[in-house]
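Observations on the model geometry
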Amino acid sequence: MLVNEYPVFTLKATLDGLSPETRSQRIVETLRSQGLPGELSLFSGTRGLWIRSGAVNVVRITAPEAAAHNVAIRDLALQWKNRIEFAMQLPPLQASNSVITMGAGETTLGRVYGREALGAQYESSDPETLTVEKVAGGARIRALRAGSAEVIVTSANSRIRLAVKARPVAVVWPDRSEAEVHGYPATPDVVEAAILAAI
């Protein structure tokens, strides 16, 4: 689940007939609609442990959820509480890595999060070198050729740049190779020589 495009936790258990995906959507809606403050608390109820903001219930952690994560219920609640608080206090825009190195022809994810990340716009400084597409959690970056360019991320109150260096590809591997080996059984050096000859 993403809060301000920052990954805070993964729901694994169905609860009250709701799938993990539906639960995640409702939690995000609660966080956005309530304008919740950064500090949260834990409240122990009869049906699990709640993460709350004031009197507003945000997330309920149950024994089956904790078991799915292989951790004690209170430990899981504390982890999630801390990650939600961190995500709610992020600056408008922040990149997990401001310098990205990749191979020409490759695609990677440039992670960008923050209070304004959801509505941010992405553009490439050199569309002939790299293309950029906004996706959940950041930008999908594809290097079209070797070279350097920037991904420019702009929101209402912030702008950041991700420097991308695309390196030439040293080796292009074929989709498949075949090697013919003789001998019964074939010795290790015969197998190795056949494989080396095939590639």
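Counting of residues starts from 1 at the beginning of each chain's written sequence and follows it residue by residue. For a predicted model such as this one, the threshold for reporting local features is a pLDDT of at least 70, and the threshold for listing and counting side-chain atom pairs is 80 or more; totals across whole chains, interfaces and linings nevertheless cover every residue. Hydrogen atoms and water are omitted, and side-chain values are computed over all heavy atoms in the structure.

Examining the pairing of strand S12 (residues 147–154)
The following threshold applies: Two strands are counted as paired when DSSP detects at least two bridges linking them. In DSSP terms, a helix is any run of H or I states spanning at least four residues, a strand is any run of E spanning at least two, and both are numbered starting from the N terminus.
Across four bridges, the pairing between strand S9 (residues 121–124) and S12 is antiparallel. If you follow Gln121 over to S12, its bridge partner there is Thr154. In the sheet, S12 pairs with strand S13 (residues 159–167) via eight bridges, with the strands oriented antiparallel. If you follow Val153 over to S13, its bridge partner there is Ile160. Counting the residues between successive antiparallel strands, the hairpin from S12 to S13 contains four residues.

Looking at the sheet that holds S12
Cut-off, in case you're wondering: Here an axis means a line fitted to C-alpha atoms, over the contact stretch when the element is a helix, while the angle between two N-to-C directions is reported on a 0 to 180 degree scale.
Overall, mixed pairing links the four strands, which are arranged S7-S13-S12-S9 in an open sheet. Of all strands in the sheet, those with a lone pairing partner are strand S7 (99–103) and S9, marking the two edges. Geometrically, the sheet is characterised by an average inter-axis angle of 25° between neighbouring strands, direction not taken into account. In the sheet, S7 pairs with S13 via five bridges, with the strands oriented parallel. Its bridge partner being in S13, Gly103 is matched across the sheet by Arg167.

A few points about the sheet that holds strand S8 (residues 107–113)
Within the open sheet, the four strands sit side by side as S6-S8-S11-S10. Their pairing is antiparallel. The open sheet is flanked by strand S6 (94–95) and strand S10 (130–135), the only strands paired with a single partner. Two elements, S8 and strand S11 (residues 138–143), share five bridges in a ladder whose sense is antiparallel. Bridge assignment links Thr108 to a residue of S11, and that residue is Ile141.

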